[in-house]
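Descriptive structure summary
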Amino acid sequence: MNTKAKSFGFKALSPMKQAELARFWDERLKDPLAFVPKEDKAKGLSITEARMRNVLFGKFAVSYFKKVIARLTNNSDFDRRRLGNKKIMAVGYGRGYDSKWLRQATKAGFQTWWVDVSSVAWIWAMDNLRKQVDAMPQPIQAIHRESQVKTFEIQSLLADPSEAGLDVDSVEIWYLCRLLNCVSTPSAKVVLQEIGRTAFSKGHNPSKRKAVVIINALSDQNPVDTCDTCGGTSIRRSKRMILSNLARGAGCPVEARFVKYYNYFGKIVTAMTVMAR
Ligand SMILES: C[S@@+](CC[C@H](N)C(=O)[O-])C[C@H]1O[C@@H](n2cnc3c(N)ncnc32)[C@H](O)[C@@H]1O
């Protein structure tokens with residue numbers, strides 16, 4: 001478990017907190033109604049209906065992300081990415097509703113990494129990624145670089161990426177779908193600032209292709225109440241909070257591009273791609 005502090009001023013969560021989060025999410029993810037708002041649970045929503053709504057949400061997220069990968073890829077990127085071992089870093093696998101984009105990532109020259117604090121998610125992710133590779137046509141299988149799935153708490157991973165064998169500079173696209181509302185406010189700020197620093201700060205973004213994809217219900221479009229995706233304890237983030245923390249870490253202005261919306265149980269989910277301005 002990662003406990004080292006980094007020189008730029010934030011620490012891994014304590015081993016006790018990391019273990020507590022891992023236990024919480026291991027339990028929570030086993031519940032098929034895990035991501036359903038409590039008022040809809042109270043109405044007696046069936047497991048089949050909950051699954052269907054999450055599958056549809058996943059389709060929206062995957063379709064959005066595949067388009068973003070395509071828009072951020074031109075003919076010369078494939079070789080550059082493979083030579084530089086460039087990655088997509090996805091944080092928060094959950095039940096994997098939004099995970100079916102491995103083929104597009106591979107065709108664009110990326111290696112795919114998933115990070116999740118839960119070891120239950122690790123088992124599901126490994127299985128799902130293997131199936132996605134098996135379903136690829138042979139020429140794409142041949143260029144696929146083995147995906148990595150890491151059981152890490154995200155702030156703690158960022159505090160010492162070498163512990164996970166990660167060179168953060170090689171991450172070209174960050175993918176955070178329904179994650180930021182599950183992380184405490186201090187941790188969300190630190191995580192966004194550090195991602196902003198490693199993605200956009202001077203000297204870190206020579207290809208100008210680095211991007212942070214965020215898909216989440218935001219407080220901008222939704223009443224400021226708690227959301228219960230993470231057990232009634234989480235807080236919706238605002239677009240401003242997300243952009244300002246990424247920009248703070250980056251030391252340069254950033255902007256949200258390709259903004260799309262999706263209605264999930266009556267809540268408006270925003271999908272956006274943050275890039276250096
Ligand atoms: C609400 S689920 C979303 C999963 C998926 N992206 C989706 O939209 O269906 C959040 C996931 O993030 C993971 N998670 C929560 N807090 C985390 C943290 N601090 N570090 C790493 N993973 C975390 C949980 O284990 C869970 O699998």
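What counts, and at which threshold
- Residues numbered from 1 in each chain as written.
- Predicted model: local features only at pLDDT ≥ 70, side-chain atom pairs only at ≥ 80, totals over all residues.
- Buried ≥ 20, exposed ≤ 12 C-beta atoms within 10 Å, placed from the backbone.
- Helix = DSSP H or I, 4+ residues; strand = E, 2+ residues; numbered from the N terminus.
- Right-handed = clockwise from strand over helix to strand, strands pointing away.
- Pairing = 2+ DSSP bridges.
- Near = placed C-beta within 6 Å.
- Nonpolar A, V, L, I, M, F, W, Y, C, P; charged D, E, K, R; others polar.
- Axes fitted to C-alpha atoms, helices over the stretch in contact; angles between N-to-C directions.
- Parallel < 35°, antiparallel > 145°, perpendicular 65-115°, else oblique.
- Contact = placed C-beta atoms within 7 Å.

Among the 6 residues of strand 2 (residues 111-116), 6 are classified as buried, and the element is accordingly described as predominantly covered. Burial of strand 2 is two-sided: the residues Gln111, Trp113 and Val115 facing one way and the residues Thr112, Trp114 and Asp116 facing the other way are all buried. Chirality of the crossover, the property in question, places the unit of strand 1 (residues 87-91), helix 5 (residues 102-107) and strand 2 among those that are right-handed. Looking at chain direction, strand 2 and strand 3 (residues 148-151) are connected through 4 bridges and run parallel. When the bridges of strand 3 are listed, tryptophan 113 appears paired with glutamine 148.

Lining the immediate environment of the ligand, one finds 23 residues, of which Trp25, Gly92, Gly94, Ile154 and Arg178 sit closest. Taken together, the elements giving at least two residues each to the shell around the ligand come down to helix 1 (15-30) and strand 2. Examining the composition of the shell around the ligand, we find that 3 residues originate from one element, helix 1, more than from any other. Taken together, the residues of the shell around the ligand break down into 15 nonpolar, 4 polar and 4 charged.

Before going further, it helps to examine the packing of helix 1 against helix 6 (residues 119-134). The interhelical angle for the contact between helix 1 and helix 6, taken along N-to-C directions, is 55°, at an axis separation of 7 Å. It follows from the interaxial angle that helix 1 and helix 6 lie oblique. Contacts between helix 1 and helix 6 pair Ala22, Asp26, Leu29 and Lys30 from the former with Ser119, Val120 and Ala121 from the latter. Looking at the contact of helix 1 with helix 6, its residues break down into 4 nonpolar, 1 polar and 2 charged.

Before going further, it helps to spend a moment on the sheet that holds strand 9 (residues 267-276). The sheet built from 7 strands is open, its strands ordered 3-2-1-4-5-9-8 with mixed pairing. Strands at the two margins of the open sheet, each flanked by one partner only, are strand 3 and strand 8 (254-264). The mean inter-strand angle of the sheet, taken between neighbouring strand axes irrespective of direction, is 15°. Both strand 4 (residues 171-177) and strand 5 (residues 211-217) contribute to a ladder of 5 bridges, which runs parallel. Paired with isoleucine 173 across the bridge in strand 5 is alanine 211. Sheet contacts for helix 6: strand 2 and strand 3; angle to strand 3, the most-contacted strand, approximately 175°. This element, helix 10 (residues 239-250), spans strand 5, strand 8 and strand 9 of the sheet and lies at about 150° to strand 8.

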